[in-house]
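# Coordinate analysis (summary)
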Amino acid sequence: MNRLMERYLRRDALPTLFCPGCGNGIVQYAAIAAIDNLGIRPDTACVSGIGCSSWIPCYFNMDVMHTTHGRALAFAQGLKLAQPDKKVLVFTGDGDCLAIGGNHLLHACKRNIDITVILVNNHIYGMTGGQKSPATPESAVTKTSPWGAYDEPIQGAETAMSLGATYVARWTTAHPVQLQKSIEAGIKHKGFSLIEVISQCPTQSGKSVYGSKDPAFIMNYLKESSYVYKEGMDEPQGKIKCGVLIHDNDRSEYIERMEARMNQFRSAKPVKVKNSKEIENTRSVER
Amino acid sequence: MKISIDNSFCKGCEICLAVCPKNVYGISKKRNSYGSAMPEAIMESECIACRLCERLCPDAAINVEEERK
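The structure contained in this document is the topic of the report that follows. Every value quoted in this text rests on a predicted model; they were computed, and no experiment measured them.

Rules used in this analysis
- Residues numbered from 1 in each chain as written.
- Chains lettered and ligands numbered in written order.
- Predicted model: local features only at pLDDT ≥ 70, side-chain atom pairs only at ≥ 80, totals over all residues.
- Heavy atoms only, no water.
- Axes fitted to C-alpha atoms, helices over the stretch in contact; angles between N-to-C directions.
- Helix = DSSP H or I, 4+ residues; strand = E, 2+ residues; numbered from the N terminus.
- Left-handed = near helix turned anticlockwise from the far one by under 90°.
- Contact = heavy atoms within 4.5 Å.
- Nonpolar A, V, L, I, M, F, W, Y, C, P; charged D, E, K, R; others polar.
- Buried < 20%, exposed > 50% of the residue type's maximum accessible area, 1.4 Å probe, protein only.
- Arc of directions from axis to C-beta.
- Salt bridge = Lys/Arg side-chain N within 4 Å of Asp/Glu carboxyl O.
- Phe/Tyr/Trp six-rings, centres within 6.5 Å; stacked < 30°, edge-to-face > 60°.

## Some words on the packing of helix 3 (residues 72–82) of chain A against helix 5 (residues 102–111) of chain A
Residues and elements named next belong to chain A. The interhelical angle for the contact between helix 3 and helix 5, taken along N-to-C directions, is 35°, at an axis separation of 8 Å. Handedness of the helix 3/helix 5 crossing: left-handed. Side by side, helix 3 and helix 5 meet where Leu73, Ala74 and Gln77 of the first sit next to His104, Leu105, Ala108 and Arg111 of the second. Across the contact of helix 3 with helix 5, the residue classes break down as 4 nonpolar, 2 polar and 1 charged.

Below, the structure is given as structure tokens:
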């Protein structure tokens, strides 16, 4: 077994439940390599929702919370507010984050709370048997779109940018080193950071989106059909836009704003509140 | 270079065969615990330790160790 993963994974829970060739294992390695590189293992807490991709942190031998469907970001915000010194990593999928958890994504982005979200986008609901997800590309034949999907897919990274996230990057599983560096930058970044990973699901999206169940073929396709975005370049049409899309350090962070507001009240003269003993005394006098 | 592949973790997805830039891997007759054919490092001396197979193995089965001379 790999020496790095051996130190970070729970041996009793292995092997993972992922199908052969699943992209989640690649994201798992990238996240662990980033945590190991930064040396923040005791300060890290991972949160995940429901879905294949939400099983990624469940094998980590560190603080992990496996929560309800779509609400991973809500739980993560609560955890961050309760323990602001923790680095919170959220692992969600496209169905978890963009469909049922879209509301929480909106508010977390707008608040600019210091959380790192890794959105593993495999274009389909993999665990439940290949239903159409909000990120499924057009004309993909899935279990719930037998005549081909006709919705325009939701782009996770662009959605987060428009909602006000301050660090947004997109990579595919064919870019493992860049993905690791982006996760490191996202953890270091003070504010909401979202890293979208286009991942392969050889079992379900291999059948309905890519037309081949061979994971190596899908990864090669992802590598060839993507380009790395740099500012001011001519953008080719019909290709996956990869790279760091936005990195903004100017917006204030939610917990800083909250602390500043609380300090206004702390510095003000405290209002005298009667404690229970005094209330009892007044009652006895009244009697 | 010493390449070891754990047969209790390998699921036989053959990503390592496709991504290796030096074509170090080949399919062997050994079977992993899932019953599918396992890859094998047939040209270990060609390995340049880029560690792409380590990174892209979804099941953390591959370990590449550099031998110090």
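## A short note on helix 9 (residues 215–224) of chain A
By the burial criterion, the buried members of helix 9 of chain A are Pro215(A), Ala216(A), Ile218(A), Met219(A) and Leu222(A). For helix 9 of chain A, the buried positions fall inside an angular range of 160° around the axis, keeping them on one side.

## Some remarks on the pattern of salt bridges
Considering all chains together, one arrives at 16 salt bridges over all chains under this definition. Across the pair Arg10(A) and Asp12(A) runs a salt bridge, and its minimum N-O distance is 4.0 Å. Taking the shortest distance from any N to any O, the salt bridge between Arg51(B) and Glu66(B) comes out at 3.6 Å. Note that Arg51(B) is positioned in the loop between strand 3 (37–41) and helix 2 (52–56) and Glu66(B) in the segment after strand 4 (62–65), a separation of 15 residues in sequence. Residue classification places Arg51(B) among the partly exposed residues on the basis of a relative accessible area of 26%. Salt bridges sharing partners connect three or more residues here, namely Arg3(A), Glu6(A), Arg11(A) and Glu65(B).

## Quick word on the packing of aromatic side chains
To describe a pair of aromatic rings, you give the distance between the ring centres and the angle between the ring planes. Residue and element names in this part refer to chain A. Scanning all chains against the criterion turns up 4 aromatic pairs over all chains. Aromatic side chains Trp55 and Tyr59 sit 6.2 Å apart centroid to centroid with 40° between the ring planes, which places their arrangement in the tilted category. In this structure Trp55 comes out as partly exposed when scored by relative accessible area, which is 28%. Note on Tyr59: relative accessible area 4%, which makes it buried. Every member of this aromatic cluster is reached through a ring pair, and the members are Phe18, Trp55 and Tyr59.

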